[in-house]
Amino acid sequence: MRLLERSNVRKNHRKKWTALSLGSVLALVLAGCTAQELNGYMPGLPGTTDIGDIIANFWVHSWIVLLAIGFLVWGLLIWANVVYRRRKNETGMPVQMRYHMPIEILFTVIPVILVGGFFAFTARDQAVAQEVYSEEETEVYIEVYGKQWAWDFNYLETGSAEYDGGVYYEGVQAVELTDEEGATTGEIDHGQLPKLYVPVGANVTIDLKSRDVAHSFWVPDFHYKQDTIPGQTNQFSFVPEREGVYMGKCAELCGEYHSMMLFEVHVVSQEEYNAYIESLREAGNEGALGDEYNRNQHNPGDSVPVIEHDEQH
Ligand SMILES: [Cu+2]
């Protein structure tokens, strides 16, 4: 699959970040930092997804700034304690200093600049991470339904939510393994977990929906999480860049078996992806599991029961 050009915003952003972060990243590398350290000790590895790298860069650079300020403040505190400690044969109160305008202005203005700076960088990175590809840019379009307590995945042929030609996967709640006596072992049967397949290097757009209550689609290794809200479609776009299997979970307390609302993301080659889609087709999973399977069918404008899945995109 030919990689379509990412939008200019993301490209420019990356260039800027590259220029900005080259110095500090180089310094870290030269200091013998591991991939984990470059990832700010967050889950996963650098280069897993494009959004994940934006978040990791923001995280690492924030820590560099915060630690620099921290060491300055701790240093000044210790220095003041040592230099202005009470000496022998000193009595009474030390010299009192208040309404010292230059210092008051300093400790008002500097925090305002810092908070403003973090706000600006957060807003900028969030805008890029939340940027959704257009239909033309999207190569793989998947509709994800959160449901108590599993996930459904609709692999749609086009970006216009046309169900013709698509295939679906119906997930079940995580199954606990049991020992010979039938007691639960605390281990999960990974073979039965819902699996979301995406091809490496493709522009993927995900529609997030809920069949019942608020859930949250979270893949820790991707450094990304977004809620699924009943009656609403949330979207995000990303490029999976590293093949592998990544654990996902629901991150919004959604009822009794919330902790069993697990899934796996399989980032595979284009050939493996095509073979997987074909296997769903051969299994008879043609079409999609749409809103007609929602448990909450009382959204404004719905008539009950909802039979036809109308196009909402
Ligand atoms: Cu949930």
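In what follows, the accompanying structure is described. Just so you know, these numbers come straight off a predicted model, no measurement behind them.

Rules used throughout
Residues numbered from 1 in each chain as written. Predicted model: local features only at pLDDT ≥ 70, side-chain atom pairs only at ≥ 80, totals over all residues. Heavy atoms only, no water. Salt bridge = Lys/Arg side-chain N within 4 Å of Asp/Glu carboxyl O. Buried < 20%, exposed > 50% of the residue type's maximum accessible area, 1.4 Å probe, protein only. 1 Å grid on protein atoms, 1.4 Å probe; cavity = no way out; pocket = protein on both sides within 12 Å on 5 of 7 lines; lining within 4 Å. Points joined across faces, edges and corners; volume = space filled by probe spheres on them. Helix = DSSP H or I, 4+ residues; strand = E, 2+ residues; numbered from the N terminus. Nonpolar A, V, L, I, M, F, W, Y, C, P; charged D, E, K, R; others polar. Pairing = 2+ DSSP bridges. Axes fitted to C-alpha atoms, helices over the stretch in contact; angles between N-to-C directions. Contact = heavy atoms within 4.5 Å.

**A word on the pattern of salt bridges**
In total, this model carries eight salt bridges according to the counting rule given. Where arginine 124 meets aspartate 125, a salt bridge forms, and the shortest distance between an N and an O atom there is 3.4 Å. The exposure class assigned to aspartate 125 is buried, which follows from its relative accessible area of 2%. One continuous salt-bridge network, built from bridges that share partners, spans Glu143, Lys209 and Asp291.

**Notes on the layout of surface pockets**
Its volume calculated, the largest pocket comes out at about 650 Å³. Of all the secondary-structure elements, those providing two or more residues to the lining of the largest pocket are helix H3 (50-83) and helix H4 (101-129). Here the element with the most residues in the lining of the largest pocket is H3; it accounts for seven residues. For the lining of the largest pocket, the residue count by class is 16 nonpolar, one polar and two charged.

**Observations concerning the sheet that holds strand S3 (residues 167-170)**
If you trace the five strands from one edge of the open sheet to the other, you get S3-S2-S1-S7-S10, paired in mixed fashion. Since the sheet does not close on itself, it has two edges, and those belong to S3 and strand S10 (234-238), each with one partner. On average, each strand axis in the sheet is tilted by 20 degrees relative to the strand beside it, whichever way the strands run. Pairing of strand S1 (residues 140-147) with strand S2 (residues 150-156) involves seven bridges; the strand directions are antiparallel.

**Some words on the pairing of strand S7 (residues 204-210)**
In terms of burial, S7 is largely enclosed, as seven of its seven residues are buried. What you see with S7 is no split at all: Val204, Ile206, Leu208 and Ser210 on one side and Thr205, Asp207 and Lys209 on the other are buried throughout. For S7 and S10, the ladder comprises five bridges, and the chain directions are antiparallel. For leucine 208, the partnering residue across the bridge sits in S10 and is asparagine 234.

**Structural notes on the environment of leucine 208**
Structurally, leucine 208 can be placed in strand S7. Each C-alpha atom of the pair leucine 208 and glutamine 232 lies 8.3 Å from the other, and the pair is 24 residues apart in sequence. In contact with leucine 208, other than residues within four places in its own chain, are Val144, Phe217, Gln226, Asp227, Thr228, Gln232, Thr233, Asn234 and Phe236.

**Regarding the sheet that holds strand S9 (residues 224-228)**
The five strands are arranged S6-S12-S11-S8-S9 in an open sheet whose pairing can be described as mixed. With one partner strand each, in any of the chains shown, strand S6 (195-199) and S9 form the two edges of the open sheet. Ignoring strand direction, the axes of neighbouring strands in this sheet form an average angle of 25 degrees. Seen against the sheet, helix H5 (residues 270-282) touches S6 and strand S12 (262-268) and runs at an angle of roughly 135 degrees to S6.

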